[in-house]
Amino acid sequence: MGIIEKVPAYIERLPGGGIVTTSMDWVLNQSRASSLWYMLFGLACCAIEMMAAGASRYDFDRFGMIFRASPRQADLMFVAGTVTHKMSKRVKLLYEQMAEPSYVFAMGGCACNGGPFYYDCYSVLKGIDQVIPVDIYIPGCPPRPESLMEGCLKLQEKIKKEKMSDWASDRKEV
Amino acid sequence: MDRPRFRPHAGKITVDNMIENKDLREEEFLINMGPQHPSTHGVLRLILKMEGEFIRDLTPYVGYLHRSIEKIAENRTYNQFMPFTDRIDYCASMPSNLAWATAVEKLAAIEVPERAEYLRVIMVELNRIASHLIWLGTMSLDLGAVTPFLYAFREREWILDLFEMTCGQRLTYHYIRIGGVARDIPVEFEKSCRAFIKDFRRRVDDYEAILTENPIFLGRTKDIGILPLDLAKDLGASGPTIRGSNYGWDIRKVEPYSVYDRFDFQIPIGANGDVWDRYMVRIEEFRQSCKIIEQALDGLPEGDTVRSKLPTVLRPPAGEVFSRIEAPRGEMGYYIVSNGDKKPFRVKIRTASYGNLQCLRPTSIGLKIADLVAIFGSLDVILPEVDR
Ligand code: SF4
């Protein structure tokens, strides 16, 4: 019963059960934050670290994060790797296919701002935020799985602060 | 446009009835697979021409990960380009580093200290194991087996720990430098490495117990995607892909570089070049790599790890050079044209995956779409190597 103590709720005990009065925002945010399904979308080197984060040692399942192959089922997209101009249209399309509310991680230097391919390179997009909105930036080349997890914790914090009334804002307008 | 319309059936719905009503049609259709698809290992896009479940034709479209690395090479000094070689084949960064280092050393006639050569061999072979582990994990995941994926990544983490204690990185190592290696191994390395080899031998047997004789796995891999040797040679396949087709082509043996001629190891080859043979070749390579690492650890000489008195900015003499090594995916080579400047005039990168990817079309035509996934997994293509 650890969790019930943290609920901002009014609890009344009745014989054979009880009544809990709590905020809808809290319940929804709590459940959304602890079951973030991410889209398995590997672009380059960083994707290997994303896989490592999902595999045996780091085990993303502890966060309730399970990978899905389809954007329709995902809440969260890790843009893990170098996005070229050719690929950027597809990334945007994938983002638009995700159901609201959706979140985006820019994982690695490449997705943040072009990374090692910033100079002298004609084909790489200098930062994924030129195409889609980004919630969390994770620097590193590649970032360690620990930093990825730190990012996930930050995202959970962010989700827990959301209000239902904000959902109506059109996030998809880039 | 005249579209087929829904018409109510006359009578009961049976196959005969459907044929009579011309509701059952046969026609070829196109399927777009990728660039976002979990089993294309990155950003490969395939256009498949299907007839029912069967593939009639297939065209790979590449270039979704073209990072203009060859162009970048023209704007960097020889040492500055080293980190980019990590990112050409990120599953096996050490061999990429080694290929660049040997090419530049050949161009500038730089001798490498013996200890550095041995350390290079140890690191490259460890990386070969790590890279084959990623292949094992992803391929079995594509075939629907989740357990080997978790097992493979568990062992891979140990190798990454070894790399991390040596050079501080988990994926892009930048450890092998021109004229030697970046730094010596820490004292704990040898003990941990030997323990790993001992443990890993047992683990390979575990993988085999799960997969090799598993009837489902056999059904998915045996006699699927047969690559005849002539075709493999014509298409420029190399590495385990060509060795699976019963041909012992391994640069470590046919053109020994570094100190590979001092070690005793075999080149595993397959019998008829199907998916299962390519799988067995890689499994056997796990064991051979263990053997090489043990011999290298035993014979590790004392001494420097980097050639002293190298100029900070290297200016190799004008000329051109091609040097190749055996990377986990096959033959990897760099062709450098130098005009005596501190930057190369032109760099061409020969990677194994490009040749191996070409084998996908001839091997998978006529098979089912599920077999395509198995074949693609067994070729172990990695896209940044194809697009560069
Ligand atoms: S940030 Fe570094 S590791 Fe990640 S995709 Fe870019 S080059 Fe690769």
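Along each chain, residues carry numbers from 1 onward, in the same order as the chain's sequence is written. Chain A is the first chain written and ligand 1 is the first ligand written, with later ones labelled in order. Local features in this predicted model are restricted to residues whose pLDDT is 70 or higher, and side-chain atom pairs enter the listing and the counts only when it is 80 or higher, whereas totals over whole chains, interfaces and linings include all residues. Side-chain numbers here rest on the full set of heavy atoms in the structure, without hydrogens or water.

## Describing the overall build of chain B
- Along chain B, the regular secondary structure elements total 16 helices and eight strands.
- For this measure, only C-alpha atoms enter the radius of gyration; the expected value for a globule follows 2.2 Å times N^0.38, where N is the number of residues. Taking 21 Å as the expected radius of gyration for a compact globule of 388 residues, we find that chain B reaches 24 Å, a close match to that expectation.
- Along the three orthogonal principal directions, the C-alpha set of chain B runs to about 90 × 50 × 35 Å.
- Counting the 388 residues in chain B, one finds 57% classified as buried.
- Taking the contacts inside chain B whose residues are at least 6 apart along the sequence as the reference set, 70% of them involve residues at least 24 apart.
- Of the charged side chains in chain B, 52 are positive and 55 negative; the average position of the first set lies 4 Å away from that of the second. Starting at the N terminus, helices and strands are each numbered in turn, a helix being any DSSP run of H or I of at least four residues and a strand any DSSP run of E of at least two. Working definition: with a 1.4 Å probe on protein chains only, accessible area under 20% of the residue-type maximum means buried, over 50% means exposed, and in between means partly exposed. Any two residues having at least one pair of non-hydrogen atoms within 4.5 Å are treated as being in contact. Here Asp and Glu are counted as negative and Lys and Arg as positive; His is not counted, and neither are the chain ends. Charge positions come from single atoms, namely NZ of Lys, CZ of Arg, CG of Asp or CD of Glu.

## Re the interface of chain B and chain A
- Contact residues are listed per partner, giving 37 residues for chain B and 35 residues for chain A.
- The term buried area refers to how much accessible surface (probe radius 1.4 Å) is lost by two components on association, counted for both of them together. For the pair chain B and chain A, the summed buried area comes to about 3100 Å², and 62% of that belongs to carbon and sulfur atoms.
- The working definition used for a salt bridge is a side-chain nitrogen of Lys or Arg within 4 Å of a carboxyl oxygen of Asp or Glu. Viewed at the interface, chain A and chain B are joined by five salt bridges.
- Arg57(A) serves as the salt-bridge partner of Glu157(B), at 3.6 Å between the closest nitrogen and oxygen.
- In protein, a polar contact requires one atom able to donate a hydrogen and another able to accept it; more generally it is a pair of N or O atoms within 3.5 Å, and residues adjacent in sequence count only if both atoms are side-chain atoms. The interface formed by chain B and chain A includes 15 residue pairs in polar contact (both at pLDDT 80 or more).
- Among the elements of the structure, helix H2 (69–74), helix H5 (114–142) and helix H6 (147–167) of chain B are those that each provide at least two residues to the side of chain B that touches chain A.
- Of the residues forming the side of chain B that touches chain A, the biggest block, nine residues, is contributed by H6(B).
- Residues belonging to the side of chain B that touches chain A are distributed by class as follows: 17 nonpolar, nine polar and 11 charged. Classes in brief: Ala, Val, Leu, Ile, Met, Phe, Trp, Tyr, Cys and Pro nonpolar; Asp, Glu, Lys and Arg charged; the others, Gly included, polar.

## Focus: the nonpolar core
- What is meant by a nonpolar core is a set of buried Ala, Val, Leu, Ile, Met, Phe, Trp, Tyr and Cys residues, joined one to another through side-chain atoms within 4.5 Å. In this structure, Met77(A), Val79(A), Trp100(B), Leu126(B), Tyr175(B), Tyr334(B) and Ile336(B) are the most contacted members of the largest nonpolar core, which totals 148 residues.
- The element that contributes the greatest number of residues to this core is H5(B), accounting for 15 residues.
- Among the nonpolar cores identified, the runner-up in size contains 25 residues, and Cys46(A), Phe60(A), Phe105(A) and Ile159(A) belong to it.

## A short note on the sheet that holds strand E8 (residues 346–350) of chain B
Residue and element names in this part refer to chain B.
- Strands were regarded as paired on the criterion that DSSP finds at least two bridges between them. In spatial order, the strands read E6-E7-E8; together these three strands make up an open sheet with antiparallel pairing. Looking at which strands have only one partner, the edges of the open sheet turn out to be strand E6 (319–327) and E8. Within the sheet, the average angular offset between the axes of one strand and its neighbour, ignoring direction, is 10°.
- Whenever a helix is involved, its axis is fitted only over the stretch in contact; in every case the axis is a line through C-alpha atoms, and angles between N-to-C directions fall within 0 to 180 degrees. With respect to the sheet, helix H4 (residues 93–108) is in contact with E6, strand E7 (330–338) and E8, its orientation differing from that of E6 by roughly 150°.

## Topic: the layout of surface pockets
- The calculated volume of the largest pocket comes to roughly 700 Å³.
- Those elements that provide at least two residues to the lining of the largest pocket are helix H3 (45–54) of chain A together with H5 and H6 of chain B.
- By residue number, the principal contributor to the lining of the largest pocket is H5(B), which donates six residues.
- Residues that form the lining of the largest pocket fall into these classes: 26 nonpolar, nine polar and five charged.
- Think of a 1 Å grid over just the protein atoms. A cavity is a set of points where a 1.4 Å probe fits yet cannot get out, a pocket is an open set with protein on both sides within 12 Å along at least five of seven lines, and lining residues have an atom within 4 Å of a point. Grid points are joined across faces, edges and corners, and a volume is the space filled by probe spheres set on the points. Computed from the structure, the second largest pocket encloses a volume of approximately 340 Å³.
- Around the second largest pocket, the lining is made up of 16 residues, and of these Thr102(B), Glu105(B), Lys106(B), Tyr257(B) and Ser258(B) lie nearest the centre.
- Secondary structure elements with two or more residues in the lining of the second largest pocket: H4, H5 and E6 of chain B.
- Considering each element in turn, the lining of the second largest pocket owes the most residues, four residues, to E6(B).

## Examining the packing of aromatic side chains
Residues and elements named next belong to chain A.
- Pairing of aromatic rings covers Phe, Tyr and the six-membered ring of Trp, with a centre-to-centre limit of 6.5 Å; geometry is then stacked below 30 degrees between planes, edge-to-face above 60, and tilted otherwise. Applying the stated criterion across every chain, the model contains 26 aromatic pairs over all chains.
- Aromatic pair tyrosine 38 and phenylalanine 67: ring centres 6.5 Å apart, planes at 65°, arrangement edge-to-face. With a gap of 29 residues between them, tyrosine 38 in strand E3 (residues 38–39) and phenylalanine 67 in strand E4 (residues 67–68) connect regions that are remote in the sequence.
- Given the relative accessible area of 4%, tyrosine 38 is considered buried.

## Some remarks on H5(B)
All names here are of chain B.
- With 29 residues, H5 should reach 42 Å at 1.5 Å per residue; the first-to-last C-alpha distance of 42 Å fits that figure.
- With 27 of 29 residues buried, H5 lies mostly within the body of the structure.
- Looking one or two residues past H5, glycine 144 carries a phi angle of roughly 100°, positive in sign. A helix is expected to span 1.5 Å for every residue after the first.

## Notes on the confidence of the model for chain B
- The pLDDT score gives, residue by residue, the confidence of the prediction method on a 0 to 100 scale. Taken over all residues, the pLDDT of chain B has a mean of 84, while the share at 70 or more is 93%.
- If you check the scores for this complex, the pTM reads 0.86 and the ipTM reads 0.80.

## Some details on unusual backbone geometry
- Backbone torsion omega between Cys141(A) and Pro142(A) reads -10°, so that peptide bond is classified as cis.
- Among the structural elements, Pro142(A) can be located in the loop between strand E7 (136–138) and helix H6 (145–160).
- Even without a glycine there, the phi angle at Ser68(B) is positive, about 50°.
- As for its placement among the helices and strands, Ser68(B) is situated in the loop between strand E3 (54–61) and H2.
- In this structure Ser68(B) comes out as buried when scored by relative accessible area, which is 1%.

## Examining the sheet that holds strand E1 (residues 29–33) of chain B
All names here are of chain B.
- In spatial order, the strands read E1-E2-E3; together these three strands make up an open sheet with antiparallel pairing. Only two strands of the sheet have a single partner each, and these edge strands are E1 and E3. Each adjacent strand pair in this sheet contributes to an overall mean axis angle of 20°, direction not counted.
- Bridge count for strand E2 (residues 45–51) against E3 is seven bridges, and the pairing is antiparallel. Pairing of glutamate 51 across the sheet is with phenylalanine 54, part of E3.

## A look at the packing of H5(B) against helix H15 (residues 369–379) of chain B
All names here are of chain B.
- Look at H5 against H15: their axes get within 9 Å of each other, and the N-to-C directions meet at 180°. Comparing their axes, H15 and H5 come out roughly antiparallel. Only Val373, Ala374, Gly377 and Ser378 of H15 make contact with H5, whose side of the interface consists of Trp135, Met139 and Asp142.
- Classifying every residue of the contact of H5 with H15 by side-chain character gives four nonpolar, two polar and one charged. What sets the label is the angle itself: under 35 degrees gives roughly parallel, over 145 gives roughly antiparallel, 65 to 115 gives roughly perpendicular, and the rest give oblique.

## Remarks on the site of the ligand
- A single heavy atom is enough: if one lies within 4 Å of a molecule or strand, its residue is considered near that molecule or strand. The immediate surroundings of the ligand are formed by 14 residues, with Cys45(A), Cys46(A), Gly109(A), Cys110(A) and Cys141(A) found nearest.
- Each of chains A and B places residues next to the ligand.
- Because more than half of its atoms lie within 2 Å of the grid, the ligand is assigned to the largest cavity.
- Among the elements that line the shell around the ligand, the one with the most residues is helix H5 (residues 108–113) of chain A, at three residues.
- Within the shell around the ligand, the residues separate by chemical class into eight nonpolar, five polar and one charged. By definition, a pocket or cavity contains a molecule when more than half of the molecule's atoms lie within 2 Å of the pocket's grid points.

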